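Per-entry structural report
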Amino acid sequence: MSETGNRLRKLLESPNFDPQTYVKQLSQQSDGDRDLQEHRQKIQNLADETAQNLKKNVYKNYRQFIETAKEISYLESEMYQLSHILTEQKSIMESITQSLLSTDKDETSKEMQAAFPKETEELKQRTLTSLLEKVEGAKNIMDTPGRHLVYNGDLVEFDVDNMSPIQKVHAFLMNDCLLIATWLPNRRGTVKYKYNALYDLESFAVVNVKDNPPMKDMFKILMFPDSRIFQAENSKVKKEWLEILDETKKNKASKDKHKKEEEVPMSPVRAEVSTNPFDIDDDEPADSENTVDLSLEWIQELPEDLDVCIAQRDFEGAVDLLDKLNEYLKDQPVTPKVKELRAKVDERVRQLTEVLVFELSPDRSLRGGPKATRRAVSQLIRLGQSTKACELFLNNRAAAVQTAIRQLRIEGATLLYIHKLCNIFFTSLLETAKEFEMDFAGNTGCYSAFVVWSRSAITMFVDAFSKQVFDSKESLSTAAECVKVAKEHCQQLTEIGLDLTFTLQSLLVKDIRAVLQSYKDIIIEATKHRNSEEMWRRMNLMTPEALAKLKEEMRSCGISFQQYTGDDCWVNLSYTVVAFTKQMMNFLEEGLKLYFPELHMVLLESLREIILVAVQHVDYSLRCEQDSEKKSFILQNATFLHDTVLPVVERRFEEGVGKPAKQLQDLRKSTRPVRINPDSTTSLV
């Protein structure tokens, strides 16, 4: 723009600019029409430029125009709300005024009270209609007659689990329900919100959420099993929401109560006379003596109090309320009102039962041991559901035991792992049994369920035990020690009168039979291998220490070994017979640790087969050997087996089992060494 144009703009924009004075001065200074035309053109150019700039500013500030329009719309809704509040205040003032009037003006007061609520009702409905026009999908809400707006405002919804903000919502509290609408990101015309949920006032409870900065000014709406948390703008708005919600819920409950009372016919209705003497008229009004008073405050608030107790996990308080109601209604006639109250309470009982069942479900944390379930179990028993409580308690403990076994670290040493496994399992079983006895002391019918559960638990233990001990092909001594540890721990259960020893033995007998037969076959194969290399020579231990060690091993087995040793390191027995004796006595000792009555014949036959292998080899050697010196040495070994080893085996077996082994006695009698021919032949008969 030229310098002249700038001067002209500044002149026109000056606050002291006077159009008439300016035109007069311009007319006096101009030489003719040409100057006026030029000056007019300059002003026109300036006007066009200003219009263009204005248009650019409009486009540039278009968003601000939109926001301004929104604020105007929001201000309009606030004005409606203010009008609603003023109307309510007016109604309250009028009601107070009417209550203070004299009795002479009662009829006039009633007419005014009837007129103002009507006006207020219509205004409330108009206000609600205008607000709901801004909610997408809420056209049918006004179909219910008599529904009007009580309160509304913006809230922020938070996630119940992690307390993070989810969305901004607008809540509409009506006289019989609560509407939750979400803000639309892309608004269309006057529509600002989108329908989200509609809750009946009787279907939810309102709970104040304690401030925990930065989480403050919040309250919770409970609709079992769900809940929603909202945050108000400040503490004042939160207080208003809580007070108005509580007042509206009470007003609706009172209105419903009066409505039901009005539905009862006030004037007597002549009933149809029946000639049937057995016909009972259920519609006859009850005598005043049989009327149940349900107008007590604690009974009216009982459903909501139960909702609050369930939401706050006050299970004992909820069951106490139910017991109080049952005691109050005991021996009372069953009227329609009582049936209606029972229906509401039964729904809360169902909700409470579901929460208690969830508390005992294996999905919950299993820490804390059996005592952690006592609270939920005791309340279920009080609700008369001891069978369900028993089932849930045992399922919970089974999951806990299984989890503990699964989390047990498998050590390199099998015996160490078995010690830990037995300690965890049998300690848990003992604690469970004690807790069960405490919780179900008055329900003896549940004890059979515990016995069945104990058997299934011991089966789970044996599966883990066998997988580690028998499937991994541990040595016989290790397996025997592990079984011994399990039996000792199982004996601890007898302290509480629970004996699962027979169950444990019956579950282990298959694996123990297999391991005994497996090691019997190993000993027989080893004995046969040594027999094939037998040279029938005296055993030389080379050092006194080795001889002393062998003597100690034989002494620990109960075998008298002194007469077969001399002053030096020689032993008057063959290496094969000594090795066989040590191996067989070890098998006997470990077999006795594994002994169950069901395994009596298995162990006995295994010992008999092992002894026969050695006896048959000695008998064959006596028959085939031609050297008289070696034959005498073989006979000495046979005498050692017959007179020393076999009696010890019989005695030790009888001590461990508790009864004599007739098969071993018969075997020893049938294998006594005799001299068939004094000159040449000796054998075992």
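Residues numbered from 1 in each chain as written. Predicted model: local features only at pLDDT ≥ 70, side-chain atom pairs only at ≥ 80, totals over all residues. Heavy atoms only, no water.

An unreviewed UniProt entry lists the protein chain under the name Exocyst complex component 8, from Ameca splendens. Within the UniProt record for the protein chain, the comment given under Function (unreviewed entry) is "Component of the exocyst complex involved in the docking of exocytic vesicles with fusion sites on the plasma membrane." (UniProt positions renumbered as here; feature names shortened; annotations may be inferred.)

**What to know about the overall build of the protein chain**
From N to C terminus, the protein chain includes 21 helices and 12 strands. Contacts spanning at least 24 positions in sequence make up 65% of the contacts within the protein chain whose residues lie at least 6 apart. (Helix = DSSP H or I, 4+ residues; strand = E, 2+ residues; numbered from the N terminus. Contact = heavy atoms within 4.5 Å.)

**Overview of the pattern of salt bridges**
Between side chains of opposite charge, pairing is possible as soon as their charged atoms come close. Under the criterion given, the structure shown has 22 salt bridges. Note that Lys520 and Glu609 form a salt bridge whose closest N and O atoms lie 3.0 Å from each other. Of this pair, Lys520 sits in helix α16 (residues 501–532) while Glu609 sits in helix α19 (residues 600–624), and the two are 89 residues apart along the sequence. Residue Lys520 is classed as buried on the basis of its relative accessible area, which comes to 10%. Put simply, Glu202, Lys252 and Asp256 are held in one network by salt bridges that share partners. (Salt bridge = Lys/Arg side-chain N within 4 Å of Asp/Glu carboxyl O. Buried < 20%, exposed > 50% of the residue type's maximum accessible area, 1.4 Å probe, protein only.)

**Examining empty space enclosed by the protein**
The full count for this structure, using the stated rule, is 2 cavities of 30 Å³ or more. Along the walls of the largest cavity sit Asn531, Trp536, Thr576, Val577, Phe580, Ala614, His617, Val618 and Leu641, which together make up its complete lining. For the lining of the largest cavity, the elements supplying multiple residues, two or more each, are α18 (575–593) and α19. The residue inventory of the lining of the largest cavity, partitioned by class, reads 6 nonpolar, 3 polar and no charged. (1 Å grid on protein atoms, 1.4 Å probe; cavity = no way out; pocket = protein on both sides within 12 Å on 5 of 7 lines; lining within 4 Å. Points joined across faces, edges and corners; volume = space filled by probe spheres on them. Nonpolar A, V, L, I, M, F, W, Y, C, P; charged D, E, K, R; others polar.)

**A word on unusual backbone geometry**
In this structure, Asp217 takes a positive phi of about 60° despite not being glycine. For Asp217, a relative accessible area of 10% translates into the label buried.

**Observations regarding the packing of helix α14 (residues 447–469) against α16**
At a minimum axis distance of 10 Å, the contact between α14 and α16 shows a crossing angle of 30°. The angle between α14 and α16 falls in the class roughly parallel. By crossing handedness, the relation of α14 to α16 is classed as right-handed. For the pair formed by α14 and α16, the contact residues are Arg455, Ile458, Thr459, Phe461, Val462, Phe465 and Ser466 on the first element and Thr503, Leu504, Leu507, Leu508 and Asp511 on the second. Of the residues in the contact of α14 with α16, the class split is 7 nonpolar, 3 polar and 2 charged. (Axes fitted to C-alpha atoms, helices over the stretch in contact; angles between N-to-C directions. Parallel < 35°, antiparallel > 145°, perpendicular 65-115°, else oblique. Left-handed = near helix turned anticlockwise from the far one by under 90°.)

**A closer look at the packing of aromatic side chains**
Per the stated rule, a full pass over the model turns up 19 aromatic pairs. Judged by centre distance (6.0 Å) and plane angle (75°), the rings of Phe172 and Tyr193 are edge-to-face. Remark: Tyr193 occurs in strand β5 (residues 191–200) and Phe172 occurs in strand β3 (residues 165–174); sequence separation between them is 21 residues. When its relative accessible area of 0% is taken as the criterion, Phe172 is described as buried. Plain terms: the ring middles of Phe461 and Phe465 are 5.8 Å apart, the flat faces sit at 40° to each other, and that makes the pair tilted. Of this pair, Phe461 and Phe465 are both found in helix α14, 4 residues apart, which corresponds to roughly one turn of the helix. The two residues Phe461 and Phe465 agree in class, both being buried. Here the aromatic residues Phe393, Phe436, Phe440, Tyr447, Phe450 and Trp453 are joined through ring pairs into a cluster of three or more. (Phe/Tyr/Trp six-rings, centres within 6.5 Å; stacked < 30°, edge-to-face > 60°.)

**Observations concerning a nonpolar patch on the surface**
There is a patch of nonpolar side chains on the surface, built from Leu75, Met79, Leu82 and Leu86 and spanning about 400 Å² of accessible area. On the basis of relative accessibility, which here comes to 48%, the residue Leu75 falls in the partly exposed class. (Patch = residues over 30% accessible without salt bridge, like charges linked within 9 Å, V, L, I, M, F, W, Y side chains within 5 Å. Areas by Shrake-Rupley, 256 points an atom, 1.4 Å probe, with all protein chains shown as cover.)

**Overview of the side chain of Arg348**
Structurally, Arg348 can be placed in helix α10 (residues 336–359). Leave out the neighbours within four places in its chain, and Arg348 touches Glu202, Pro303, Leu306, Asp307 and Ile310.

**Comments concerning helix α9 (residues 315–328)**
The terminal C-alpha atoms of α9, which comprises 14 residues, lie 20 Å apart, in line with the 20 Å expected from a rise of 1.5 Å per residue. Considered for burial, the residues of α9 that qualify are Phe315, Gly317, Ala318, Val319, Leu321, Leu322 and Leu325. Summarising the contacts, the buried residues of α9 are in contact with α7 (297–300), α8 (302–311), α10 and α11 (374–382). (Expected span 1.5 Å × (residues − 1).)

**Things to note about the side chain of Thr501**
One can find Thr501 in helix α16. Residue class for Thr501 comes out buried when judged on its relative accessible area of 10%. The residues touching Thr501, leaving out its near neighbours within four places in the chain, are Cys490 and Gln491.

**What about the packing of helix α15 (residues 476–491) against α16?**
With their axes 12 Å apart at the nearest point, α15 and α16 run at an angle of 175° to one another. Taken together, the axis directions place α15 and α16 in an arrangement best described as roughly antiparallel. Residues Leu476, Val483, Ala486, Lys487, Cys490 and Gln491 of α15 form the contact with α16, whose participating residues are Thr501, Leu504, Ile512, Val515, Leu516 and Tyr519. For the contact of α15 with α16, a count of residues per class yields 9 nonpolar, 2 polar and 1 charged.

**Observations concerning the confidence of the model for the protein chain**
In this model, the protein chain carries a mean pLDDT of 79, and residues with pLDDT of at least 70 account for 87%. Counted against residues more than four places away or in other chains, residues 115–119, with its pLDDT under 50, gives 4 contacts. Here residues 675–683 scores under 50 on pLDDT; set against residues more than four positions off or in separate chains, the count is 19 contacts. (pLDDT = per-residue confidence, 0-100.)

**What about the environment of Thr432?**
As for its placement among the helices and strands, Thr432 is situated in helix α13 (residues 414–439). Considered as a pair, Thr432 and Lys371 are 61 residues apart in the sequence and their alpha carbons are 8.6 Å apart.

**Digging into the environment of Val578**
Tracing the sequence through the fold places Val578 in helix α18. Spatially, the C-alpha atom of Val578 lies 9.6 Å from that of Leu641, the residues being 63 residues apart in sequence. Beyond its immediate sequence surroundings of up to four residues, Val578 is in contact with Met539, Leu550, Met554 and Leu573.

**Details of the nonpolar core**
Core analysis: the biggest nonpolar cluster contains 123 residues, and Phe461 and Phe465 have the highest contact counts within it. In terms of residue count, the dominant contributor to this core is helix α20 (residues 628–657) (12 residues). In this structure Phe465 touches Ile418, Leu421, Phe470, Cys482, Val483, Ala486 and Leu508, once residues within four positions along its chain are discounted. One finds Leu155, Val169, Met223 and Trp241 within the second-largest nonpolar core, a separate group that totals 21 residues. (Core = buried A, V, L, I, M, F, W, Y, C linked by side-chain atoms within 4.5 Å.)

**Details of the pairing of strand β8 (residues 226–231)**
Here is the key point about a regular strand: its side chains alternate between the two faces of the sheet. Bridge count for strand β2 (residues 149–158) against β8 is 3 bridges, and the pairing is antiparallel. In the strand pairing of β8, Val156 is matched with Gln231. As paired elements, strand β7 (residues 218–223) and β8 share 6 bridges and run antiparallel to each other. Across the sheet, the residue bridging to Met218 is Gln231, located in β8. (Pairing = 2+ DSSP bridges.)

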